[in-house]
Amino acid sequence: MKSKIKRFFLLALALVLAVSLSACESSGQAASSQVNTWKQVEKSKTIIWGVRNDTRLFGLMDIKSAKLVGFDIDLAKAITKQLLGKDGKAVLFQTSSKTKIPVLKNGNVDALMATVTITPDRKKQVTFSDPYFNAGQSLLVKSDSKIKSIKDLNKNGITVVAVKGTTAVANIHKFAPKARVLEFDDYGQCFTALKAGQGQAMSTDNGILAGIAAENKGYSVVGGTFTHEPYGIAVDKGQTEFAQKINQALKELKQNGTYNKLMHKWFDGIPGFSIKEAAR
Amino acid sequence: MWELFINNWQTFLIGFANTVFSSILALIGSLVIGSGFAILETVPNKFWRIVAKIYIEIFRNIPLLVIAMIFYLVVPQFLFKVNGFTAGTIGLTLYTSAFIAETVRSGINAVGDGQMEGARSNGMTYWQAMRYVILPQAFRIVIPPLGNQFVNLIKNSSVLAFVAGFDLMYQGDIVASNTFETIPTYIIIGIFYLILTMPLSYYMQHLENK
Amino acid sequence: MDFVNALSWVNFRFLLQGLWVTIYVSLISIALSFLIGLLLGTIRYTKTPIISKLVGFIVDVVRNLPLLLIIFFTYFGLPGIGVRVNSLVASIIALVIFESAMISEIVRSGINAVDEGQMEGARSNGMNFVQAMFYVVMPQALLKMIPTLLSQFVSLVKDTSLATIIILPELLYHAQIVYSQNTNYMIPMYLIIAAMYFVVCFCLSMFASYLQRKFDSR
């Protein structure tokens, strides 16, 4: 009886492997025979945007209205109108740091406007527009903390909290190799963990941290920026026509003043933040 | 996919080890606590029966994820510092103990009152009768359902990923977000879980059929 | 800690919206997984060559995987084969896949617990297999299954909380949104949603034991 169970189990494992391998292959094929996103968008008059819902100033769920608000959201809507005319529809699809690239790759969304930093690694996976926002990584700590800059993190026993799937994680490993990094699914979880004492500092881009610090007394952004993080609008790899159209729209919005208006709407009077630098 | 595994095998293995470790700790903990409450639920004293009932109902009717989050985020602000692994394992232990209590209690009930009365009339105290007569039989009856609870426990240990517990799921998330190979990574993770759960659940089925 | 402000009408309404999604997703998933589970359990019981084995194997694989993983597979995997899904659809599909596997196992052992003579008797009275199953065996099997089935449904309600990972706007996720915007609300939020989950699940559990008592007394 026992040998029978064993044999069945081995067979089972082999089958799982076979099924999953073939599934991989077929998904690989689906990606290569992809459709032209721009053509599809133009026809349906709709762009599905992957956006954040946990990032103050960029993309945040407003509890009162149950609507998403922020710079990314407004810019996504503006680009949609610019590309598709007045009756163009922007559908907002909420993503997290962890899910944003996968939902773009697998075709759930047409484009990502979700504080995605343009990096060489990601460029292998997706196609980016021109940068629409220049951020830099910084640190958020309790105001009475001894940590003043990235140098203070490079010690044993220091724990930094960051968000899964962001460039912040790799940068901390690079600039403060001795620090331990704990990763969470979104900025809310991440800040809550910092507050619960699960780490001594939280690290991500300055604009995002400034938004958190503005809402939470007793926390400050320290040490300035130690990286350069240009945000780009991401489309699936090879959708160059769509990316060019987005670049064109972005350029027009900068020329007609809409971009500047949105910048001031969201980032005026945020401490430790320079609009000039971000819009560069 | 093989390449993905070879390039990241250490990351996967750390996760696998933590999942196994957490599951074993939670199994031992929840067996002890669960059996304790099961006995409490069958004692003659009504007060203790109600205490046991409240404990069991609370942990059976609140999602494990919520329990784990409370241990991770709320408890450190009042009581003591816990890391994700510990918070997740404590949550897993308490949650599973409620189910184990129900299972063991049904075993004790199945043994029947006659046995208890018989043992008592032979001069045993209540606790002696429980310890030497009732519990051994009860556990023999509930081994298959307990085994299924253990399978559930292993699967449920994946909530450690929500509290940065470095388990299989958490490590898998990290590989997925670094390599962008989402589906293949989760397939590898799935195979790891099956290695743990499949033999156990087939063995339990085999015991049940006997 | 700030209970009064944390439970302002605005926040409470937001939580109720989340609770509604939890209940809505649970109800749809319970209905669908019950039907599919019945079907799969019956197929496994019939011991039809190949098909029963195959169904049995798939069911065993699914129920030995963490639900969290199945949620990832549906959310990230389905679009790969050309099906666009949002988090609502993905959650429901994942829950239905997982729970119908769990339920089929309950159904199978429920049918097995019915005396084989019942099936034979019904067949010898001229019923075909489907009729015998539907009119004679299944009603008895279902009666035996009720407690286990309902506790599985309670698990399903609790399991919807895992879909926070793919941003299903259910109760736990809405609570997280509220306290991530003002972390003073964290503890009140966890207490209130724990209470909300408890009320929903406990009512379902009570209903289960009510049914059990009712059928036991018959």
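Not measured: the values here are computed from a predicted model. (Residues numbered from 1 in each chain as written. Chains lettered and ligands numbered in written order. Predicted model: local features only at pLDDT ≥ 70, side-chain atom pairs only at ≥ 80, totals over all residues. Heavy atoms only, no water.)

## Examining the overall build of chain B
Here's step 1: Scanning chain B from N- to C-terminus turns up eight helices and zero strands.
Here's step 2: When the helices and strands of chain B are read in sequence order from the N terminus, they spell out α-α-α-α-α-α-α-α.
Here's step 3: Each of the three principal axes of chain B carries a C-alpha extent, and together these read 70 × 50 × 20 Å.
Here's step 4: Across the 210 residues in chain B, those meeting the buried criterion constitute 59%.
Here's step 5: Contacts in chain B between residues at least 24 apart in sequence constitute 74% of all its contacts with a sequence separation of at least 6.
Here's step 6: Here chain B carries 11 positive and 10 negative side-chain charges, and the mean point of each set is 14 Å from the other. (Helix = DSSP H or I, 4+ residues; strand = E, 2+ residues; numbered from the N terminus. Buried < 20%, exposed > 50% of the residue type's maximum accessible area, 1.4 Å probe, protein only. Contact = heavy atoms within 4.5 Å. Lys, Arg positive; Asp, Glu negative; His and termini not counted. Charge placed at Lys NZ, Arg CZ, Asp CG, Glu CD.)

## Side note on the sheet that holds strand β7 (residues 126-135) of chain A
Residues and elements named next belong to chain A.
Here's step 1: The strand order across the open sheet formed by five strands is β5-β1-β6-β13-β7, and the pairing between neighbours is mixed. The open sheet has two free edges, formed respectively by β5 (89-95) and β7, since each of these has just one partner strand.
Here's step 2: Taken together, the seven bridges between strand β1 (residues 46-52) and β5 define a ladder with parallel strand orientation. Within the sheet, the bridge partner assigned to I48 lies in β5 and is V91.
Here's step 3: Helix-sheet contacts for helix α3 (residues 71-84) involve β1, β5, β7 and β13 (229-236), and the interaxial angle to β1 is about 165°. (Pairing = 2+ DSSP bridges. Axes fitted to C-alpha atoms, helices over the stretch in contact; angles between N-to-C directions.)

## Overview of the packing of aromatic side chains
Here's step 1: Under the criterion given, the structure shown has 38 aromatic pairs over all chains.
Here's step 2: Ring centres of F58 of chain A and Y231 of chain A lie 5.7 Å apart, and the angle between their planes is 70°; this geometry places the pair in the edge-to-face category. Of this pair, F58 of chain A sits in the loop between β2 (54-55) and β3 (59-62) while Y231 of chain A sits in strand β13, placing them 173 residues apart in sequence. Take F58 of chain A and Y231 of chain A: they sit in the same class, and that class is buried.
Here's step 3: When the ring of F5 of chain B is compared with that of F192 of chain B, the centres are 6.1 Å apart and the planes differ by 45°; the resulting orientation is tilted. With a gap of 187 residues between them, F5 of chain B in helix α1 (residues 2-42) and F192 of chain B in helix α8 (residues 182-209) connect regions that are remote in the sequence. With respect to class, F5 of chain B is no different from F192 of chain B; both count as buried.
Here's step 4: A connected cluster of aromatic rings, assembled from ring pairs, spans F58, F71, Y132, F133, Y231, Y259 and F267 of chain A.
Here's step 5: Geometry around Y259 of chain A places K254 of chain A over its ring, the cationic atom sitting 5.0 Å from the centre. (Phe/Tyr/Trp six-rings, centres within 6.5 Å; stacked < 30°, edge-to-face > 60°. Lys NZ or Arg CZ within 6 Å of the ring centre and 35° of its normal.)

## What to know about the UniProt feature "transmembrane region" (unreviewed entry) in chain B
Here's step 1: Within this numbering scheme, the UniProt entry marks residues 12-40, 61-80 and 183-204 of chain B as carrying the feature "transmembrane region" (unreviewed entry).
Here's step 2: Split by type, residues 61-80 of chain B is 75% helix and 0% strand. Its first and last C-alpha atoms lie 25 Å apart. (UniProt positions renumbered as here; feature names shortened; annotations may be inferred.)

## Here's the deal with helix α6 (residues 126-156) of chain B
Residues three or four positions apart in an α-helix share a direction because the helix packs 3.6 residues into each turn.
Here's step 1: In a regular helix each residue adds 1.5 Å, so 31 residues correspond to 45 Å; α6 of chain B covers only 36 Å between its end C-alpha atoms and thus falls short of that length.
Here's step 2: Remark: the principal bend of α6 of chain B, roughly 60°, maps to I143 of chain B, with a proline, P144 of chain B, within the next four residues. (Expected span 1.5 Å × (residues − 1). Bend = angle between axes of the 7 residues up to and from the residue.)

## Examining the domain arrangement of chain A
All names here are of chain A.
Here's step 1: With domains assigned, chain A is organised as domain 1 (37-135 + 230-278) and domain 2 (137-222).
Here's step 2: On a C-alpha basis, the centroid separation for the pair domain 1 and domain 2 is 25 Å.
Here's step 3: Each partner contributes residues to the interface: domain 1 has 19 residues there, and domain 2 has 16 residues.
Here's step 4: For the domain 1 and domain 2 pair, buried surface summed over both sides reaches about 1400 Å², with 59% attributable to carbon and sulfur atoms.
Here's step 5: Of all residues in domain 1, D54, R56 and S97 give up the largest surface area on contact with domain 2, accounting jointly for 31% of the area buried on that side.
Here's step 6: Counting the contacts that link domain 1 with domain 2 gives two salt bridges.
Here's step 7: In this structure, the salt-bridge partner of R56 is E215, at a minimum N-O distance of 3.7 Å.
Here's step 8: Here domain 1 is connected to domain 2 by two residue pairs in polar contact (both at pLDDT 80 or more). (Domains from an automatic or database assignment. Buried area = accessible area lost by both parts, 1.4 Å probe. Salt bridge = Lys/Arg side-chain N within 4 Å of Asp/Glu carboxyl O. Polar contact = N/O pair within 3.5 Å; in protein donor to acceptor, adjacent residues only side chain to side chain.)

## Quick notes on the side chain of Q176 of chain C
Here's step 1: Tracing the chain through its elements places Q176 of chain C in helix α8 (residues 171-181).
Here's step 2: Classification of Q176 of chain C as buried rests on a relative accessible area of 6%.
Here's step 3: If we ignore the near neighbours within four places in the chain, the residues touching Q176 of chain C are Q189 of chain A, M69 of chain B together with T164 and Y190 of chain C.

## Observations concerning the interface of chain A and chain B
Here's step 1: Each side of the interface is counted separately: chain A has 30 residues, and chain B has 31 residues.
Here's step 2: Summing both sides of the interface, chain A and chain B together bury roughly 2600 Å²; the carbon and sulfur share of this comes to 71%.
Here's step 3: There are two salt bridges connecting chain A and chain B.
Here's step 4: For K164 of chain A, the salt bridge identified is with D173 of chain B, shortest N-O distance 2.9 Å.
Here's step 5: Between the two partners, chain A and chain B, sit five residue pairs in polar contact (both at pLDDT 80 or more).
Here's step 6: Counting only elements with at least two residues in the side of chain A that touches chain B, the list comes to α1 (2-32), α4 (97-105), α5 (120-123), β10 (180-184) and α7 (187-195) of chain A.
Here's step 7: No other element matches α1 of chain A, which puts nine residues into the side of chain A that touches chain B.
Here's step 8: Across the side of chain A that touches chain B, the residue classes tally to 16 nonpolar, seven polar and seven charged. (Nonpolar A, V, L, I, M, F, W, Y, C, P; charged D, E, K, R; others polar.)

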